[in-house]
Amino acid sequence: LKANQSRFSFFLHKIESINVIGWNASEMFRFFEVNATNELDRNEGFSTSFTLFFEIQPFFNGDVHVFVEIKDNLLSSFGGIDTSIVSFRINVSSINTPPLLLSGGSEIGAFLDIILPSMGELTNASVNGGFELFQPVDELLTQLFSFHVFIVTNHVLFSSAPTIYPNGTLIIELMPWACGISEWKVKIIDDGPENNTSREYLFILHVSSYPVFQVLQTISAISSSELKNVEISGFANIEGLCLITEQNVLVLETVCSKDVINVFYTDPAIDNHGNLRFVINPLRSGTVSCQVRVNPDSVLVKGNGTMLEWQEFEISILLPLIISEVHPGLIGEGFKGVVTIHGKNFGSAASRGRSAAKYGNITAFVGSEGAKWTPCLKTAYRSDEMLVCVLSGGFWGRGLMDVMVAVDEDGLRRNSSLANGLRAARMLYGGIVDDTLCTAQASSADGDGTSVAGAVCGIRGFVAAGSSGEAGSVSPLEGLYPLPLSFDSGIRAMARVGGRLVLGGGFQSANASGRRHIVSFDGGGPAHGGLGGFGLGVDGPVLALAVLHGSPGSFLAGGMFARAFNPGGERQGVVETGGLAMWDDSSAGWAPLGDAVLGGQALAMVVHSEGRLVWIGGRFSSVGNMAVRNVAMYDFGSRSGAGSWAAMGGGVGGGEVLAMTSVGSYIYVGGTIHFAGAAPGEAEHVQVDNIAVWDGAAWAALVDDTCVAARAGAGPAGCGLNGPVHALAAAGGHVFAGGEFTAAGGRRALRVARFSSGIWAPLGDGVDGPIFALAIATMPGQPDGRAAGSGCLYVAGAFSHANDGPVAGIGSAAAITPVGNGGVARRCFGDVLAQVYEPADIMESAWQPVVVSAEGNRLIRTILPWN
């Protein structure tokens, strides 16, 4: 063949069926074409390659012979043939194409997102129409296919393997409250017999739930004086909580009314653990209505309308209990009576009514956090600012005690406590301390650590309270604590007047109040007691006090003053009193006793047990127009009659009277006196050694009978006390003396001795410094030791050791018992438990130290039994 001389064309000649069912083989092709490309073969001339193109009718399948006619278009032949026929076999298999997964009419791309709702139990979740199947089928509709699911992640969400049916329905069994994301591979496989094909898809399943919740209907909270964070744990019980994406989104939406203004600093909100949180503004109260529902933006599975309904609840904000003070704040050990608790917000008349029966949920307690709380026998509601606590029964208060009030209301307990709000004392000690190393802050601290205004350092006055051990016990010593009082000078006298502690001394300032020389203190705060005064006081130191039993709230004050000051009333102005004045509580004013001015200073007093008679001692020469010598008696007379003064014979002289006590109708006076009845050389002159006794008609020296007898008519001189007597006390007919003497009845007695049945006797070897105060006090839980029963003799002064040893006369050896620099010790006597009074027991007992303080050098000038 020469180049470019031959061209060929191809024609479909015929189609013969080999194996075709249901089709006409001649209709097999929609398009059929053969293209030839002539190429030069350098060795053999021209050659031609053929490319066959054809398109089969849809869904045709079968086995056929195809015949193609090839023609030479040049119409020339050099001895050859212009047309030839070629045949070949075509086998068209069934289609068997796996179905397509459609979503929104289009085939699924990278993955299919599915959201499944779980519940609180095994859940069969079906997704109908979650996806669509586009299923090509052959002409015989014989195509078969299957789904295969492979869980890639988070198998724990499902209790069994998922199933997908050919209609596109997905069946899944979810675990209770299943929550999380799971990836699946889903493969669709053609199960046809001739050609197995498949398609694979990625499913992303978000398994979530619509939360179910229940909240408390009413809650209560308490505000405070500052912003207060409140958390109510478990307020909402939330089930089915499932946050897959927005972990910081609150699943519950809370809305509260604004009817009560400014209650919340931060509005209430419920966290996803069911805890309700809010912040209350300071000292706010009221009831706030709130609503809560599922936040539709917080969950993947959207609930129906019912699930979005609001639930209601109320928040009651209550004001905090506040205890400001207790009155009286200073009580005796074993106190049985009533104390008043002052404060705020003890109850709400608006919310609970005024009926007393409504207040059974208020209880007051006395005790401490670390010890036992004792409830009041009865707690009585008086107002939102005042409660009454009745202490009785098994209560035995001692030392510093806290007071707590608890109110149980609306399922909430409001309580408040006042540290050291109540002080129970067995003994009170007053005097002076030289504490030059203190600081103003340190010296002003009371038992609960609060400061006292006007505290001073250096030489200052103080008052301390002592509490005993357990009831019926002798051995435990006093536990002392200072009262919240500060004075710029010493305390010289104390008395209990109508439940108040009256203090006298030379001070010019008490707690920076400007009150001078005499004040009162009830242990409470300033609003309902605390430190008080008597008019405008007196113009000099108060050195002695005596309670007038027949006139409640009234008392006598004696000392180095001449005038008293009344701010108003019927006795308004300056009152000339001399060194003795009477405070009349009924008229709230000062007056001279019996309208007679004392011509000197009253330094000691003793009152008859019934309060009708009062004996005065000191350094004075007249009462009104009546001349006396250092002692006098006042008779208040009958209730309707006027009182009158009387002399006590010729009085006592040679010094001054510093101490007095009584046993029955006998009045004992001590001091620096050396004669009684009359001056030396006069009739009725009686020589005395610093102590004498008045029997109502005559004076006598208080001397030791054996000493007088041993001196064979030499007289009583030297058979009394050889030094000043600063303190006297009596118990069971026996007299105790303390002072600066070193001998009693001719025997060695260091500053303390006992007179009984005409005999002076030392108490051990006494103490090593002056004694300024004596007191008889019962043991805890025992009756009054001054009349009958057992008790302790307290001695106080400027000593630091008490000497204990055999009593064998002057020069005997003695053991030394340190008592600290507080200058207080005691000796106890009697059978405490049996309450049998044997005063001789005090001779056999030992000195016990009573430590007032380990700081500073203290001088105790006065002791007062307080229980």
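Residues numbered from 1 in each chain as written. Predicted model: local features only at pLDDT ≥ 70, side-chain atom pairs only at ≥ 80, totals over all residues. Heavy atoms only, no water.

Things to note about the nonpolar core
Part 1: Counting residues in hydrophobic clusters, the biggest one holds 27 residues, and the most contacted among them are F235, L252, L276, F278 and I315.
Part 2: Setting aside chain neighbours within four positions, we find F278 in contact with I219, A221, K228, N229, V230, F264, T266, D267, P268, I315 and I317.
Part 3: Core analysis: the next-biggest nonpolar cluster, separate from the first, contains 24 residues, L101, I114, I172 and V207 among them. (Core = buried A, V, L, I, M, F, W, Y, C linked by side-chain atoms within 4.5 Å. Buried < 20%, exposed > 50% of the residue type's maximum accessible area, 1.4 Å probe, protein only. Contact = heavy atoms within 4.5 Å.)

Details of the pattern of salt bridges
Pairing of side chains with opposite charge becomes possible as their charged atoms draw close.
Part 1: With the rule as written, the count across this model stands at 16 salt bridges.
Part 2: Of the charged contacts in the structure, one is a salt bridge between D539 and R563, with a shortest N-O distance of 3.5 Å. On the criterion of sequence distance, the pair formed by D539 in the loop between β40 (531–532) and β41 (542–547) and R563 in strand β43 (residues 563–566) is long-range, its members being 24 residues apart.
Part 3: When its relative accessible area of 35% is taken as the criterion, R563 is described as partly exposed.
Part 4: Members of the salt-bridge network, linked through shared partners, are E231, D271 and R277. (Salt bridge = Lys/Arg side-chain N within 4 Å of Asp/Glu carboxyl O. Helix = DSSP H or I, 4+ residues; strand = E, 2+ residues; numbered from the N terminus.)

Structural notes on the sheet that holds strand β57 (residues 691–694)
Part 1: If you walk across this open sheet you meet the four strands as β53-β54-β57-β58, and the pairing is antiparallel. Among the strands making up the open sheet, the edge pair consists of β53 (657–663) and β58 (699–701). On average, adjacent strands in this sheet sit at an angle of 25° to one another, irrespective of strand direction. (Pairing = 2+ DSSP bridges. Axes fitted to C-alpha atoms, helices over the stretch in contact; angles between N-to-C directions.)

Points about unusual backbone geometry
Part 1: At the junction of H327 and P328, the peptide bond is cis and its omega measures out at -10° in the coordinates.
Part 2: Assignment of secondary structure puts P328 in the loop between β25 (322–327) and β26 (330–332).
Part 3: A positive phi angle, near 55°, is found at D595, a position not held by glycine.
Part 4: Locating D595 in the fold gives a position in the loop between β46 (589–591) and β47 (598–607).
Part 5: According to the relative accessible area criterion, D595 is exposed, its value standing at 65%.

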